[in-house]
Structures are given as structure tokens and as C-alpha cells.
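Close look at the chain arrangement
The residues making up each chain are set out below.
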Amino acid sequence: MAAGALDAVRRALREFPAEARELSLPPAVPYLDQPPTPLCFYRDWVCPNRPCIIRNALQHWPALQKWSFPYLRATVGSTEVSVAVTPDGYADVVRGDRFVMPAERHLPLSCVLDVLEGQAQHPGVLYVQKQCSNLTTELPQLLPDLEPHIPWASEALGKMPDAVNFWLGEAAAVTSLHKDHYENLYCVVSGEKHFLLHPPSDRPFIPYELFTPASYQLTEEGTFKMVDEEAMEKVKVPGTCLFIVRVLQAHGLPSKDLMSPSDCYVTLWLPTASSHRLRTRTVKNSRDPVWNQTFRFRIHSQLKNILELKVFDQDLCTKDDAVLSVLFDAGTLQAGEFQRQSFSLNTEGEMQLEVEFRLQSLTDCAECLVSNGILVARELSCLYVQLKEVGDREGSERRVQLVVPGACEGMQEASKGTSSFLFHCLASWEQELSIHLQDDPQEQLKVPLQTLPSGQLVKLVFPTSQEPMLRVELKKEEGPRELAVRLGSGPCTEEQAFLNRRKQVVATALKQALQLDRDLQEDEIPVVAIMATGGGIRAMTSLYGQLAGLKELGLLDCISYITGASGSTWALANLYEDPEWSQKDLARPTELLKTQVTKSKLGVLAPSKLWRYKQELAERTRLGHPPCFTNLWALINEALLHDGPHDHRLSDQREALSRGQNPLPIYCALNTKEQSLTTFEFGEWCEFSPFEVGFPKYGAFIPSELFGSEFFMGRLVKQLPESRICFLEGIWSNLYAANLQDSLYWSSDPSQFWDRWAQDRANLDKEQVPHVKMEEPPTAAGRIAEFFTDLLTRRPLAQATHNFLHGLHFHKDYFHHPHFSTWKATKLDGFPNQLTPTEPHLCLLDVGYLINTSCLPLLQPTRDVDLILSLDYNLHGAFQQLQLLDHFCKEQGIPFPHISPSPEEQSHPQECHAFCDPTQPEAPIVLHFPLVNDSFQEYSAPGVRRTPEEKAAGEVELSSTSSPYHYTKVTYSPEDTDKLLHLTRYNICNNRKQLLEALRQAVQRRQLRRQHRPQ
């Protein structure tokens, strides 16, 4: 009975809007042929909240006859107005999980008119829509052309207008659904305006959610990026403190010397406050040294301030021995609090270090911080230095060295003549410029930067005791405020705009493929993705065949994303050179592929080729790219895959996405440490798309054309030319940056693989951020173990790229940020002083050294992928890598279906396997296509049996030991190439029914979600 009553209530609520309209609202907005009287206007229209259109109300305004583009250009053309700029015309709109407001620019009105008339171009859609009486504040010259108010409306409402606004835009400019808190009178002087009005009775049925506020930001290149309002906050943030550390004494320190007690000192390192490692004096021959020395650090309470204290025994002939190491989190102190800590390695307290900590608030200091809750960008200062020789230069070969500790640029050198330098450094640090002669370090000049007046030129002379002298000109200025690194966890604005365009293509393709009887609504269109693994030439060739199969079935347009790793990235890089590739027959690209796969590769190391490699590598080094072996591999790999250099870049692929005509490609790599850790202990996923390159773990991304340029504290400090895509292909397939431990791991017997993988993951020490952590120095046996660990984990051919995270600090709560928590999977995640932002360079390599998959970008909740077509090219087990991914996701708490093939499926895998988990509606459906030769042996096409003469064409050798497609093979025979292409195409086409069923399920998931969405 209760259920029936509830259904009746629901039915009544559904009928309520229609009944309200019938009772109080006419079917169309009424027209009035003349202005109403004040009483009539208030009684008939204002009080009942009813809209109307009033004709002949403004005929006496001169504006109706005068306002034209030539008139506006002549009258106010040079006047600057506030202009809202959006990529697609939608202002104040929901994009994903963000409520995005337009970018605002100040332009002469003539520039806006030029764009509207088609005489000039400007990125995005322009709309003059500034509120708060922009007509009176920005364009007062136009006031004589109209009345300052509408008399009968002012009398009816009993007040003058709160604002009089001037709006000018094109048809593409759209204001999203909203509610105004004012009575609006919209006067159309020229053109037309379309309104969609909802009565108040509709309000309970309009979806209402809270979204994170964000704004579009227009870059210098004319592209748009979406920046969270939190990250854009530029106000000064209080919280600057003085952190006082007093190193008192130690007890029971072990002797590291043979004949006497140790000679001990303590180092202090706090990278959020200083680039220096400070140290106490050395106390000689004492197991119980007393230092009683005080150190002061200026810190900000919004940062993760981890102080490292280390006790060393000083040695004259050998490296100083570490005795004790302590990490202390300054965030455990409150402002005004004092603590005295006794750090002991054991419960008996035989070896102790005593330290006092005090935190004092600096109320007169504040700093501009930009943060996404994980990383923090701080204010920068720029120091311009110019050196000029004064006097006799004859015989002068001196070199001058300049350094600002902690600056991005490091030490710089100058020879005789005039030289100019630029240093980027943290504005809040008390730093100094040091200038000295290379051959006479005693002759030096030190200038504290805090003493330099901002924006003023300061002239000094150095040195004073030798000829010729140097005139030093210094100028300190505020550094760039805007970040070149996007701090945010969701897809960028360009990707979201692409998805909106791609949805229309997908909806049309799904309607045709699934024979739907109606068009899909926008929120019913699923996100379908292809995930391709690595596998060298085998992966590249197979992906061509499978894409051709999807094209044949009419399903390629159902795909929104394609991700690739290692060899499959080569296929994607080739295809996306053609902006229309997926709309064409793939026969021609396939023939080009066969030409390159079957050609002889002996000439790639010919002397002429080596000379060209040397010249290009030298030019890259001259431009500022760090030299590394991966760059040479990239050029060799390009010669293997192409007949000559390809002048194609990752950002060029945006043209292939401009109309949503192709899926969005995403390429994967891993960032690792150069030494001391295996890839399993430290591997961070890095994704590359034509729009952005970045780390989901840190929520930090840069435009793809800036990858390889130099960054510091989130700002671009030196832009380098965008690399040709072959250098990125070298990174994505970089097998040479592996260390010996990685190689031993992956060369293990497959039967031992699972046990080793599970054990290594279980031993991965993902510690919490320490409040206090103590480490004992290694024993003699420990030192031997360290030696072998270093030998096994050193990467002799490490890749090196300028780190765009360099210098950024960590937010005090970074470790518990939900996005960081999802992606943290390394041994160092609890140690911010050792994570990637502290490194000057990235060390990127093939993802296959962790898991051979490109799936991780598709599992970000902001991409909301419904169906993944898993294309697996491994020869060592049809499910091995997918099961590894399943284990990884379970450990990280990432929704993913459980991969549990039966023993029969393991021993005889089929061409297609579906995995889904009804208990996890947020987990994607996975349709897995391993590289197997099953029914292809008997059938040349779906339903077409092979003749005896065709049997040989169905014999494809895919064993892990004797296959002609082993990853070490760089040349295939024409016969083997055709077999692999035909097999992979057949395996897709032969599973049309499974593909259509998976697509149907993906649509149903979206429809079910739509039904359950709260109103």
C-alpha cells in the first residue's frame, strides 16, 4: 500500500509542471504592441513572473538608426572593452566536473568588430557581456543615443536600474542556463537574441549540482586551457613562519675511526626553505658531542616541510661516514609551539640525538601560492646580470663564474667581453649572487638579493684589485606570475572540446551499428577506447590489422580514445600524420607499413647515416636538450621505420582532432629514478597526447609543444623548439634505460613470474609521510649490499629530458589528496624531498618494464570510459599483462573488472574474451583480444573455410621462442607480414557479434546511469 501511495506521489509530481503551465502560463510568450502603463506592467507581468515581448517601445531611441558597425567603429572603436572569450561560445558552462567561466580580455571595440565582420581572426568566440553597468563605465560615449532608463519600468518597479549593460556578440555566443536575481529588460537594438525560459514551477525538476569553479585561460599560442579557480588564486596567502632548530647534543655515537672516537657534525636540509645543506661545527674525538647551535628557516605552513638531519663522522682521507639520519615534519608544530626531541634508534636509547624545535608566526609576511592540493608553485624573482669589461683587455683570458644558490640556472660562466645572464629564483628565499674568478676563488663579489631594489638598475665594479675590471649591472624584477604548467586533475579544455565534437561522430556510428530506432541523447553516448600494448614491430603491424578490421565493421567511429605503448605508438604516430586517416580506406597506409617492415635494415648504421645522427644530436645539444643515448636510439628507430627524417611533431596531430574526425591518441611512458631503485620500486605513469603531456599522479600537465623545454616552479624559463616525433617514439619504446635488475626480472622463467611479481609488490614499502623517521647507517655487510644494489639498479643509458615539474613544492596534505592516493605506487611517495619535482631531469622509458599496457590513462575517473577494447600483442601468455593490470588496480583501489580466465581459457585462449563486474558499475567493460591463431587456421574470412591450397596461409607461428615476430626481429618477410595483418584483421571481424554486444552494454550502462541520476 505504501508503494502505491509513493507511486501516486511520483505521478503527481511528474504531472505538476504541465498542470502549472496550463493554469498560469500561455502556450507562447505574448506580444504587446505598445509599452504598458506602469500599473499594468507591474500587475500583469512583474507580480505573476510572466515574460512578455514589447514592440514599439524604443522607437524614439537614436541608437536604432545610428548603431551600425561603421558608427560604432567611428565613435568608440578605440575604446577598450572587457570581452569574454571561450573556445566554443559557451560561457559559464559545465565542462566535466567543472563550472567554467570565460577568459576575459581587454580589447579595443574595433578589434571585436573586425572579428565579427570576418576581417580579422581571434582564438575562440568573443562576447562583450561585462556586467555591472559596462555601458556607463566603459562606453559612456554611447549614452546620448538612448535613455539612461525606461521610465514606465522604473516607475513600476519603484527604482532606477541597478545596471545598464551593453552586449555585443555573434550567433555562437551562448549563455548557459541560469537564474537571475533581477528583473531584466532586454532591449534589442540590432540583430536577434534567442531565449529559453523556464517557469518557477520547473525549478525542482532541473538538475542541480555543485561543481568546482574554473576559468578558461587563453595562452600565448592562442589555445585555451581550463584552470581551477583554486589554482588561479593569486592573493597573498598568510602562513609564513620562522622555523628555529637548535641542535643540542648527541649521546653514545659509535666510533667510525680505528684509533679514536668519531669527529661528528650534523647537517640540516630543508629544501622548501633553502637550497643549502647547513651544518654544525665538527666536535673532535667525542662519542657525546655537544654542538648547541641554532639554525633558522623561513617556511610556509601550506607546504610539506620535511627537515632532514644527518650525523656524520668526518674523515680526512675518505668519504665522511653517516652515523644517524632523522626526518622531522615541521607541520607537527603549531605556531608558538616549542618541542624538545630526543631521537633514539632503539628502545634502550644508547644512541641519541637531541634537538629543539620552535615555530614562530611572521604576521607581516605573506606569499602568493598556486596549488592543486598536491603541488604548490611559489613566487619567483628574476635577476638580470650584465658584465662589461672596463680597462685594458690585453692578455685577459679570465673566466668569471656566477651563481645564485637555488636558482633554476645553476652556475653560469663568462669569458672576456660583455655577457648577459638571467637567474630565476624563489622570491621568499634570502639568496645572494656570488661572482668570482675561476682561477682566483678568493677574489669574489657577493650581493644579497634582498638588498636590491625591485625594478631599479644597480651598478657595481668587480674585482677591485686586478685589471681589467668588470662593471656589474644588476636588476631584480618580479618573476612571471602565470603558470605554464596546468595544475589540475581533469582533462584539459582542448580534450573536453574534442570529446564534445567526437560524441556526435560516435552517436551516428552507434546508431547505425546497433540499428537503433532513435538518436542517442548526449548523456547516453558511451566512451569507448582502444588499449594497445607494446611489442615492437609485431605490435605496430598487428594494430594496423585490427584497426582495418574495425573499419571494415563500421565500428572505428565508435572509438573516442586510442592508447599505445612501445611498438603500438609507432603505428599511431604514422597514422596521425594524415588528419583524415580513420575516414579513409586503410589499404594505402598498410601498404606503406609493409614496405617499411619488409625492407632491409642494414643501412641504418651506414657511415653516412651515423654522420647525420651525429650532426642532429650535436644540434639538439646546442639548443639545450640534455644529451642521452635515447636520442641516438630515436634516430636509429626512425631510420628503421621510415626512408628518411620525418618533420612531424606531436602537436601537429591536433589537426586530426579538430572536427572530432579521429579518436584521441594517448601515448604512455614511465618515469623512473636514474639509480638506486628498480622500476618496480619507482615507476610513475606519464601520458602524452597531442594536447598535453603530464603526470596524472601529480595533476600536472604542459602543452605538448613545450615538452623538452626548461621549467622552474611551474613557469617556462627557456622554450626549446618542439622535438620531432621520432624523439618521443624513442622514449615510448626506450628499452635501453632499463637497469640490470629490471632485465633480470623480465627474463625470468614465466612459471616464476607471478610469484616474483606478487612478492615484489608486497615488499614495496609505500610509507606514510613521516612525522619522525630515523635510519641507522649501514653496517659493513650493508655497505656490500648497497654496492650490489647500486650495480643492479644503475641505468648506464638513462634517458634525460628537462623536468617540467622541477622546483615545485608539495602541499602539506598532498599525501592524502584523493588523486595522489589513487596513483601513488612507489617506494618514495611518503618522502617529498626525493620525489620527481626535486629532479632537474626526467628519466623516461618503455612502460613494459612495469606492466605492458597503455590502459592507465583510460582508468582516470574524469575520462569516464565505459568500454575498453584490449589489444594484447604479448607472446608470453594471453592474459598475463591484463592480470598484472588487474592486480595493480586492486592494490590502488582503481575500479577494474576481475580478470580470472578459466584453466581451459589459459591453455587455449580464444580470439575474444569479455570481462565485466556487475558489482562495480564504475568499472569499465573489457573486451580482450589476445594475439592468438585459433579459427584463422581453418577460415580465411568469417564463415569462409580455407581450401587445401590456402592452409599454409593460416599457419601463423606465435610461440614465444621460435616466432618470426619476436621483438628482436626488426625485419619480417612479406609472407609473415601478410599473415600477421590478415590474422589480426580476421580476429576482429570474426568477433563482430561480441563487439556489438559490448557496445550495446556500454550504451545501456549510460542509459541506466541517466535513469538513476538524482533530479
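Residues numbered from 1 in each chain as written. Predicted model: local features only at pLDDT ≥ 70, side-chain atom pairs only at ≥ 80, totals over all residues. Heavy atoms only, no water.

Brief notes about unusual backbone geometry
Heads up, the condition is: In this text, helices come from DSSP runs of H or I with a minimum length of four residues, and strands from runs of E with a minimum of two, each type numbered from the N-terminal end. Classification of residues uses two cut-offs on accessible area relative to the type maximum, computed with a 1.4 Å probe and protein chains only: under 20% is buried, over 50% is exposed, and between them is partly exposed.
The phi dihedral of Asn49 is positive, around 60 degrees, even though this residue is not glycine. Following the sequence through the fold, Asn49 ends up in the loop between helix H2 (38-46) and strand E2 (53-54). Since its relative accessible area comes to 48%, Asn49 is described here as partly exposed. Phi at Asn285 is positive, roughly 50 degrees, even though this residue is not glycine. Among the secondary structure elements, Asn285 is positioned in the loop between strand E16 (278-279) and strand E17 (290-300).

What to know about the sheet that holds strand E9 (residues 168-169)
Rules: Each pair of strands is called paired provided DSSP finds at least two bridges between the two strands. In this analysis, two residues are considered to be in contact whenever any of their non-hydrogen atoms come within 4.5 Å of each other. The angle between two axes is taken between their N-to-C directions and runs from 0 to 180 degrees, where each axis is a line fitted to C-alpha atoms and a helix contributes only its stretch in contact.
Pairing in this open sheet of 4 strands is antiparallel, and the strands run E7-E3-E8-E9 from one edge to the other. Lying at the two open borders of the sheet, with one neighbouring strand each, are strand E7 (103-108) and E9. Pairing of strand E3 (residues 80-86) with E7 involves 6 bridges; the strand directions are antiparallel. When the sheet's bridge partners are listed, Glu80 is paired in E7 with Pro108. The strands touched by helix H5 (residues 109-116) within the sheet are E3, E7, strand E8 (125-128) and E9, with E7 carrying the most contacts at an inclination of about 100 degrees.

Let's talk about the pairing of strand E25 (residues 380-390)
Looking at chain direction, E25 and strand E28 (residues 419-426) are connected through 8 bridges and run antiparallel. Each bridged residue has a counterpart across the sheet, and for Ser381 the counterpart in E28 is Cys425. Sheet analysis places E25 next to strand E32 (residues 469-478), joined by 10 bridges and oriented antiparallel. Looking across to E32, one finds that Ser381 is bridged to Glu478.

What about the packing of aromatic side chains?
The line we're drawing: Centres within 6.5 Å are what make two rings of Phe, Tyr or Trp a pair, Trp counting through its six-membered ring; a difference in plane orientation under 30 degrees is then read as stacked, over 60 as edge-to-face, and the rest as tilted.
The final tally for this structure, using the stated rule, is 27 aromatic pairs. Judged by centre distance (5.9 Å) and plane angle (10 degrees), the ring pair of Phe243 and Phe357 falls under stacked. Here Phe243 is found in strand E14 (residues 240-251), whereas its partner Phe357 is found in strand E21 (residues 352-361), with 114 residues between them in sequence. Assigned by exposure class, Phe243 and Phe357 land together as buried.

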